[in-house]
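Structure at a glance
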Amino acid sequence: MVKPTNNEIAKLLREVAAAYTVSDEKKYRFQILAYQKAADVVEKLSSEVYELWSEGKLEDISGVGPSIASHLKELFATGKVKHFEEIKKKAPGALFPLLAIPKIGPKTAVKLINSLKIKKSDQAIELVQKAGEEGKIAEIPTFGKKSEKEILQAISEFYAGRQKTSRMVLPYAYEIAQKVLTHLKKCPDVQKIEPLGSLRRMVSTIGDIDIAVASNHPQKVINWFVTYPYAERIIEKGDHTASFLTSGSKQIDLMVQPTSAWGSLLQHFTGSKDHNVKLRTRAITYGLSVSDYGIKITDRKKLKKDWEKFYTKSNFNSSLGLYVFADEKTFYQAQGLKWIEPELREDRGEIEADLVGKLPKIIQNEDIKGDLHTHSLVDVEPSHDLGQSGMSEMIKLAQELHYEYLGFAEHNPSNYNHTPSQVSALIKKRNEKIEQAQKVTKSVQILKLLEIDILADGKLAIDDKSFSLLDAGIVSIHSSFSQDKEQMTQRVLKGLSHPKAKILGHPTGRLLGQRSGFELDWEKIWEFCAKNNKALEINAYPTRLDISDTIVRETIKRGVKVVIDTDSHEVSQMKNMKFGVAVARRGWAEKKDVLNTYSFADLKKWLLS
DNA sequence: GCCGTTTTCGGCCCGACTGTTTTCAGTCG
């Protein structure tokens, strides 16, 4: 029995697609698409494919049909797939490592392998690099000096960490985008500007940063764009688009269109790819061809009568032969749809929901009435890191954010070097600080919370007497991450079973880009939480964003509440709330699903329930 | 190989940019 990760499975599926491509692209055209699609889906999946298989749900994955499912079953059972191996044999082994290099696709790779006579797969990248340095790539037919230079460039960037799969956390991407935006806004020809792509959809990790500009002088904007002071290398520069790498090998893409087509540009560049493909495929059946420029009517007979009002002389661009849309809403309406929130555009049923008027009214930043998980610098001699900001400045920021309430939830006093009564004394001392602060604070209600360790055996790190000093507890896992799924689930359930343990903090313990987090039996967790009024946290800390959007969606489907917290250890981190809200929005959460949209009175009531 | 508001069969999004090929192939999103 083997247990490959989703990334390993996705890589394998991509290898099959690549092998099909080099063996006979025409013949296998649609298999290639199918395998690539399956790889994309698996890569983005929030649950492990392995687990889905063990639950018999493999074919629930959209993009995985009977054939790929049966191959994956074989993979899990035996560690390999006969069919995949046969296909991969049709391609040289050195193909697969080379695919990780930007700009090298299957065909380029095979040409390199054949011309350079590369035999050893594990040295393929080094051998290509060496050949390039010796000027041998430029001599290969269809290659030249420029492509040789480009390949060498891509290899060195690959070694420096730029891979087709490396991603950055959302707030980091947000910062970079703001800087580039500031630069672009200084260009007088920029009329409208928006960060788009996964950034606009607020995905937790971002690959490239996409920026769209409306301007009637695209070339001037492009020329301005590439003068960005931290642009390290310009990747491409055309009439309407350009890209460069900025420090840390992060790619910034720009697309420029005239104002009249701004709507379709926004829509196209926001994506996701799957959402766009679904839209466009559907549009074809109504005689429409949809692109980032606008919509062409290819078969007027198929066009629905009540859509005709969106296709008039006034929005027809005769030189392009298509209808243009200045805003996104009309662009959707012209396809019989209502406007869809960017966070929902993942082809996870949003188009179908829109068609039957069942799109959720998702939560907004303004709905948030407080933050329940913050760490002040009041020293309770805690088990983990102390906050860095005083209570008063955190309360002040809470007021500026128009919060009704704020929860201090420092880590519990370490029970390693304190007796239970010493723990109680430390909590009492912290509570006194809160009471003092509350005396001078009228507009914000302060809650006496605590972040309590769920120890390896499921016991909590404080006793009942200490618990009685609190309004409620946030319980979290901070140790023994390697326990298996069943053990971890029992541990969490035991931790949550204390009547005052109301919130499970950062439920999977994942750290984006560092560790994947532990597995839980979600059905059991949801069932317990629904029955006993416990909430799962969406931790807005940039490297956590835990639980994930897809788990949020399943959580609220079962009537379990989520609570969005910043887990701030420093006052400015309280502003990270929007990233947690984004996770909730992507999980289709409405205001009613989120605990900290409640009024203080309702929240209190819930905490006591 | 997958999938369905027209379909369980017959389709499968649309386009930009680059390099070197003078009309297109490859990669990318």
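Here is a short report on the structure shown in this document. As the structure is a computational prediction, the values presented were derived from the model and not from experiment.

1. A few points about the packing of aromatic side chains
- By the definition in use, this model includes 20 aromatic pairs.
- Ring geometry for Phe325 versus Phe331: centroids 5.6 Å apart, planes at 75°, classification edge-to-face. Here Phe325 and Phe331 have matching classes, each one buried.
- Clustering of aromatic rings is evident, with ring pairs tying together Tyr311, Phe316, Tyr323, Phe325, Phe331 and Tyr332.
- Positioned above the aromatic ring of Trp606 is the side chain of Lys502, whose terminal nitrogen or guanidinium carbon lies 4.7 Å from the ring centre.
- Note that Arg553 overlies the ring of Trp588, its terminal NZ or CZ placed 3.6 Å from the centroid.

2. Overview of unusual backbone geometry
- Omega for the peptide link from Gly271 to Ser272 comes to -5°, which places this bond in the cis form.
- Of note, the amide linkage connecting Asp546 to Ile547 takes the cis form, showing an omega dihedral of 10°.
- Positive phi is not limited to glycine here, since Asp347 has a value of about 55°.
- By the secondary structure assignment, Asp347 is in the loop between α15 (328-333) and α16 (350-355).
- Under the relative-accessibility criterion, Asp347 is labelled buried at 19%.
- Non-glycine residue Glu381 carries a positive phi angle of around 50°.
- With respect to the element layout, Glu381 can be found in the loop between β12 (370-374) and α17 (391-400).
- The exposure class of Glu381 is partly exposed, given its relative accessible area of 39%.

3. A few points about the protein's contact with DNA strand B
- Taken together, 47 residues lie around DNA strand B, and Gly63, Lys103, Gly144, Thr285 and Tyr293 are the ones closest in.
- When atoms of DNA strand B within 4 Å of the protein are split into backbone and base, the sugar-phosphate part holds 76%.
- In the model, a phosphate oxygen of DNA strand B is placed 2.7 Å from a nitrogen or oxygen of the Lys237 main chain.
- Contributions of two or more residues to the surface near DNA strand B are made by α2 (29-44), α4 (66-78), α7 (106-116), α9 (145-159), β5 (231-237), α14 (273-284) and β8 (288-290).
- The leading source of residues in the surface near DNA strand B is α14, at five residues.
- Its residues assigned to classes, the surface near DNA strand B comprises 16 nonpolar, 18 polar and 13 charged.

4. Regarding the side chain of Asn576
- Checked against the element boundaries, Asn576 lands in the loop between β19 (562-565) and α23 (577-586).
- Filtering out sequence-adjacent residues up to four positions away, Asn576 remains in contact with Ala540, Pro542 and Thr566.

Cut-offs used in this document
Residues numbered from 1 in each chain as written. Chains lettered and ligands numbered in written order. Predicted model: local features only at pLDDT ≥ 70, side-chain atom pairs only at ≥ 80, totals over all residues. Heavy atoms only, no water. Phe/Tyr/Trp six-rings, centres within 6.5 Å; stacked < 30°, edge-to-face > 60°. Buried < 20%, exposed > 50% of the residue type's maximum accessible area, 1.4 Å probe, protein only. Lys NZ or Arg CZ within 6 Å of the ring centre and 35° of its normal. Helix = DSSP H or I, 4+ residues; strand = E, 2+ residues; numbered from the N terminus. Near = heavy atom within 4 Å. Polar contact = N/O pair within 3.5 Å; in protein donor to acceptor, adjacent residues only side chain to side chain. Nonpolar A, V, L, I, M, F, W, Y, C, P; charged D, E, K, R; others polar. Contact = heavy atoms within 4.5 Å.

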